Each structure stands twice: as structure tokens, then as C-alpha cells.
Amino acid sequence: MTTYQQRQFELFEDMERGFKEGRAPSTLIDPVGDFAADPRRCLTGLVFIPSDISQAIGTSVIAPLQQADNRQYYYPLDSLHMTIRNVRLAADPPPFSGRDVEHARQAFYHATRKHQPFSIELHGLFQLPTSISIRGYSDEMLRDLVLDVRQALKQAGVPDDKKYASEDVFFGNVNVCRFTQQPSAQFFEAVRSLKDTAIGTVEIREIALVVTSPVCHPSVTKVIERFVLGA
């Protein structure tokens with residue numbers, strides 16, 4: 001584990017601890033009873049997870065959690081993703097205009113051209129009060145990309161409206177489950193047993209700017225543009 005990955009690990013641990021202690025280190029998505037029909041929309045830049053990694057997540061993590069408690073919302077495999085940088089948090093009506101989308105598109109276009117592909121290793125579960133995701137570890141290339149996108153969005157007049165736990169440590173995470181109600185004891189037992197699950201490595205080669213729902217449901221996700229790193 002590199003120094004930056006160690007800082008990512010410490011941030012994961014601090015966030016889990018912070019929420020358990022009643023602090024709010026970062027913005028959380030408010031839960032709803034039916035995420036598939038959620039009318040809220042957000043504007044965000046993300047990476048879709050390749051099918052081989054999605055299949056591994058489905059088999060190794062989603063299936064056992066779903067077996068333990070099938071009342072929660074589990075992400076369809078083709079909706080699994082990692083957010084690189086939020087632009088506008090989900091709301092109904094959408095808190096952004098067509099002009100905001102165009103400004104964000106230009107910001108991502110200019111920022112991503114300066115960066116080369118890199119990788120994120122998926123290893124271990126990340127437990128928050130309303131969701132379960134898989135932890136993603138990278139080197140400083142992710143940090144540099146996120147900072148450049150953040151600055152480009154600010155200069156374009158569409159600064160990110162999300163609260164983050166750190167201003168210089170960023171990680172990848174793949175949401176697999178969102179709670180629709182209090183999970184069962186068996187569910188949390190399954191989470192504990194899967195805590196150190198290793199999934200694999202995702203190569204980050206392009207970022208998609210999308211308008212979508214809080215769970216990136218395939219039926220409502222609209223890709224504005226895909227930006228190939230370094231192109």
C-alpha cells in the first residue's frame with residue numbers, strides 16, 4: 001500500500017467511525033422506499049464498471065447481501081459505477097439547467113485532456129448509515145484529476161455542491177446497496193464476513209458526464225458525453 005493509499009484507508013476508516021459517532025463527514029443521499037422509481041436527478045462525472053468486474057461484484061458481494069436481506073435496494077450490474085466528481089446533487093426538480101450541463105461538459109473536456117489513464121483497486125467494504133459500497137484505492141493520479149475537474153467546474157460557474165470529508169484525499173467507491181429500511185441482523189453479519197473481500201482492478205480510461213438518478217438506474221441514465229483521458 002502506497003502512502004496515498006494509506007491515507008485513503010485512514011479516510012475510509014475515519015468516515016465510518018464519524019458517522020457512527022453522529023458526525024456527518026460528507027453528504028449522504030437521503031433514502032427512499034423505491035430507488036428504481038426515484039424522480040430525483042443529479043449531474044455527475046463517473047466511470048462505469050466493466051462487465052467482468054461487475055460480475056465479480058455481483059457474485060462475491062451483492063448475492064450474499066441480497067440473500068441476507070432482500071428488502072434493500074441492490075444495484076443492477078449495468079448500473080455499477082464510481083463517481084469521479086459530482087456537479088449537482090440529486091433533487092426533484094433537477095437543480096441544474098441545460099446551460100449548467102453545457103458548462104460542466106466543457107469543464108470535464110478541458111480537465112480530462114491533461115490526464116492519463118490510471119487504475120483503482122477494489123478491495124473491502126465501506127459501510128455508511130444508508131448504504132454499502134466497495135472501497136477503491138488509487139495513487140495520486142486520481143487526486144490530481146479530481147482537483148483539476150473541481151477547479152474547471154468552479155471556473156465554468158458550476159462548482160460542485162457536495163460536501164466532502166477531505167479536500168486533498170479522494171478515493172473510488174462502488175455503491176452496491178442502498179437501504180430502504182433498517183437492515184436485518186443477518187445483513188450486518190454478512191457485511192462483517194465480506195469486509196475484506198478483494199474484487200479486482202478497474203482501469204480508468206474514460207469518464208462519462210451523465211444526468212441520472214441517485215442510483216444511476218439504467219432506465220433513466222442519460223450520457224451527455226464520454227471523455228477519454230489524455231485525448
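Residues numbered from 1 in each chain as written. Predicted model: local features only at pLDDT ≥ 70, side-chain atom pairs only at ≥ 80, totals over all residues. Heavy atoms only, no water.

Moving on to the packing of aromatic side chains. This structure, assessed with the given rule, holds 10 aromatic pairs. Taken together, a centroid distance of 5.6 Å and an interplanar angle of 70 degrees make the contact between Y73 and Y75 edge-to-face. With relative accessibility at 3%, the residue Y75 sits in the buried group. With centroids separated by 5.6 Å and ring planes inclined at 90 degrees, the aromatic side chains of F179 and F187 adopt a geometry described as edge-to-face. You can call F187 buried: its relative accessible area is 0%. The lysine or arginine in question, R85, covers the ring of Y164, its NZ or CZ lying 4.2 Å from the ring centre. (Phe/Tyr/Trp six-rings, centres within 6.5 Å; stacked < 30°, edge-to-face > 60°. Buried < 20%, exposed > 50% of the residue type's maximum accessible area, 1.4 Å probe, protein only. Lys NZ or Arg CZ within 6 Å of the ring centre and 35° of its normal.)

Here we come to unusual backbone geometry. Looking along the chain, the bond that leaves D92 and enters P93 is cis, with omega of 5 degrees. On the secondary structure map, P93 appears in the loop between β3 (81–91) and α3 (98–112). Notably, C216 is not glycine yet its phi reads approximately 55 degrees, a positive angle. Positionally, C216 belongs in the loop between β8 (206–212) and β9 (222–228). (Helix = DSSP H or I, 4+ residues; strand = E, 2+ residues; numbered from the N terminus.)

Counting buried residues along β3, eight of its 11 residues qualify, which places the element largely inside the surrounding structure. Bridge analysis of strand β1 (residues 41–48) against β3 gives seven bridges, and the strand direction is antiparallel. Each residue of the ladder has a partner; that of G45, found in β3, is R85. (Pairing = 2+ DSSP bridges.)

The subject of this paragraph is the pattern of salt bridges. Applying the stated criterion to the full structure yields 16 salt bridges. R17 is paired through a salt bridge with D14; the nearest N and O atoms lie 3.4 Å apart. Here R17 and its partner D14 are both found in helix α1 (residues 3–20), three residues apart, which amounts to about one turn of the helix. Judged by relative accessible area, which is 42%, R17 ranks as partly exposed. What makes D14 partly exposed here is its relative accessible area of 28%. In this structure, R150 engages E167 in a salt bridge whose closest nitrogen and oxygen atoms are separated by 2.7 Å. In this pair, R150 sits in helix α4 (residues 140–155) while E167 sits in the loop between α4 and β6 (172–178), placing the two residues 17 residues apart along the sequence. We classify R150 as partly exposed; its relative accessible area is 26%. Connected through salt bridges with shared partners, the residues E13, E16, R135 and K195 form a single ionic network. (Salt bridge = Lys/Arg side-chain N within 4 Å of Asp/Glu carboxyl O.)

Time to look at the pairing of strand β4 (residues 118–128). Bridging between β4 and strand β7 (residues 198–204) involves six bridges; their strand directions are antiparallel. Pairing of E121 across the sheet is with T201, part of β7. Relative to strand β5 (residues 131–137), β4 runs antiparallel, the two being bridged by six bridges. Looking across to β5, one finds that L128 is bridged to S131.

Contact geometry for helix α2 (residues 51–68) and helix α5 (residues 185–193): axes closest at 8 Å, N-to-C directions at 155 degrees. Judged on the interaxial angle alone, α5 and α2 are roughly antiparallel. In this structure, α2 crosses over α5, and the sense of that crossing is right-handed. For the pair α2 and α5, the contacting residues are P64, L65 and A68 in the first and Q186, F187, A190 and V191 in the second. Class assignment of the residues belonging to the contact of α2 with α5 gives a composition of six nonpolar, one polar and no charged. (Axes fitted to C-alpha atoms, helices over the stretch in contact; angles between N-to-C directions. Parallel < 35°, antiparallel > 145°, perpendicular 65-115°, else oblique. Left-handed = near helix turned anticlockwise from the far one by under 90°. Contact = heavy atoms within 4.5 Å. Nonpolar A, V, L, I, M, F, W, Y, C, P; charged D, E, K, R; others polar.)

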